[in-house]
Amino acid sequence: MHLLSTPSRLYRVLALAEVVTWTLLLGGMFVKYVLHSTELLVRIGGGLHGFTFLSYVVVTVLVAVDQHWRLKDLLLGIGSAVIPYLTVPFERSAHRRGLLGENWRLREEQGRTAPQRLVSLALRHPLPAALIAIVGVAIVFSVLLSLGPPTEWFD
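Residues numbered from 1 in each chain as written. Predicted model: local features only at pLDDT ≥ 70, side-chain atom pairs only at ≥ 80, totals over all residues. Heavy atoms only, no water.

### With respect to the packing of helix 1 (residues 7-34) against helix 4 (residues 87-96)
So, point 1. Packing of helix 1 against helix 4 leaves a shortest axis separation of 8 Å and a crossing angle of 160°. Classed by the angle they form, the pair helix 1 and helix 4 counts as roughly antiparallel. For the crossing formed where helix 1 meets helix 4, the hand is left-handed. Packed against helix 1, whose contacting residues are Ser8, Tyr11, Arg12, Ala15, Leu16, Glu18 and Val19, the element helix 4 presents Thr87, Val88, Phe90, Glu91 and His95 at the interface.
So, point 2. Residue composition of the contact of helix 1 with helix 4, grouped by class: six nonpolar, three polar and three charged. (Axes fitted to C-alpha atoms, helices over the stretch in contact; angles between N-to-C directions. Helix = DSSP H or I, 4+ residues; strand = E, 2+ residues; numbered from the N terminus. Parallel < 35°, antiparallel > 145°, perpendicular 65-115°, else oblique. Left-handed = near helix turned anticlockwise from the far one by under 90°. Contact = heavy atoms within 4.5 Å. Nonpolar A, V, L, I, M, F, W, Y, C, P; charged D, E, K, R; others polar.)

### What to know about unusual backbone geometry
So, point 1. Here the phi dihedral of His68 falls at roughly 60°; this positive angle occurs in a residue that is not glycine.
So, point 2. Mapped onto the secondary structure, His68 falls in the loop between helix 2 (40-66) and helix 3 (71-79).
So, point 3. The exposure class assigned to His68 is partly exposed, which follows from its relative accessible area of 37%.
So, point 4. In this structure, Tyr85 is a non-glycine residue whose phi angle is positive, near 70°.
So, point 5. With respect to the secondary-structure elements, Tyr85 resides in the loop between helix 3 and helix 4. (Buried < 20%, exposed > 50% of the residue type's maximum accessible area, 1.4 Å probe, protein only.)

Next up, the structure:
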């Protein structure tokens with residue numbers, strides 16, 4: 001089964017990836033701050049988590065537009081990535097509430113609004129859309145890396 005085959009599958013994979021990268025980041029922080037050892041694991045875990053976080057946000061918006069989520073659900077979905085380990089409970093809740101369909105609605109429909117038309121185009125041409133999304137996330141990720149850790153942004 002392909003990763004993009006259903007909104008439900010794609011969202012579950014990204015929610016689990018968020019949990020894994022949170023674990024790597026928190027483990028790295030434990031090694032650095034509690035064991036007073038290397039910060040290498042924070043850099044690795046933080047980098048993986050940052051990239052996955054941005055990817056999760058993109059996928060949340062994609063699924064929300066396609067599945068016609070309310071703004072409240074979209075904000076909760078994005079917010080679930082900020083608190084460690086909350087993406088999986090949010091994904092399970094969204095699945096139970098019928099927010100994660102088994103079909104991409106906008107793959108067949110044109111879409112009425114600009115975001116819906118963009119998502120429809122992306123779903124009809126998934127490979128170029130995925131490449132554009134990955135490059136976009138990589139650019140944002142690179143800019144954020146150049147700014148340094150979030151704790152230093154406002155110093």
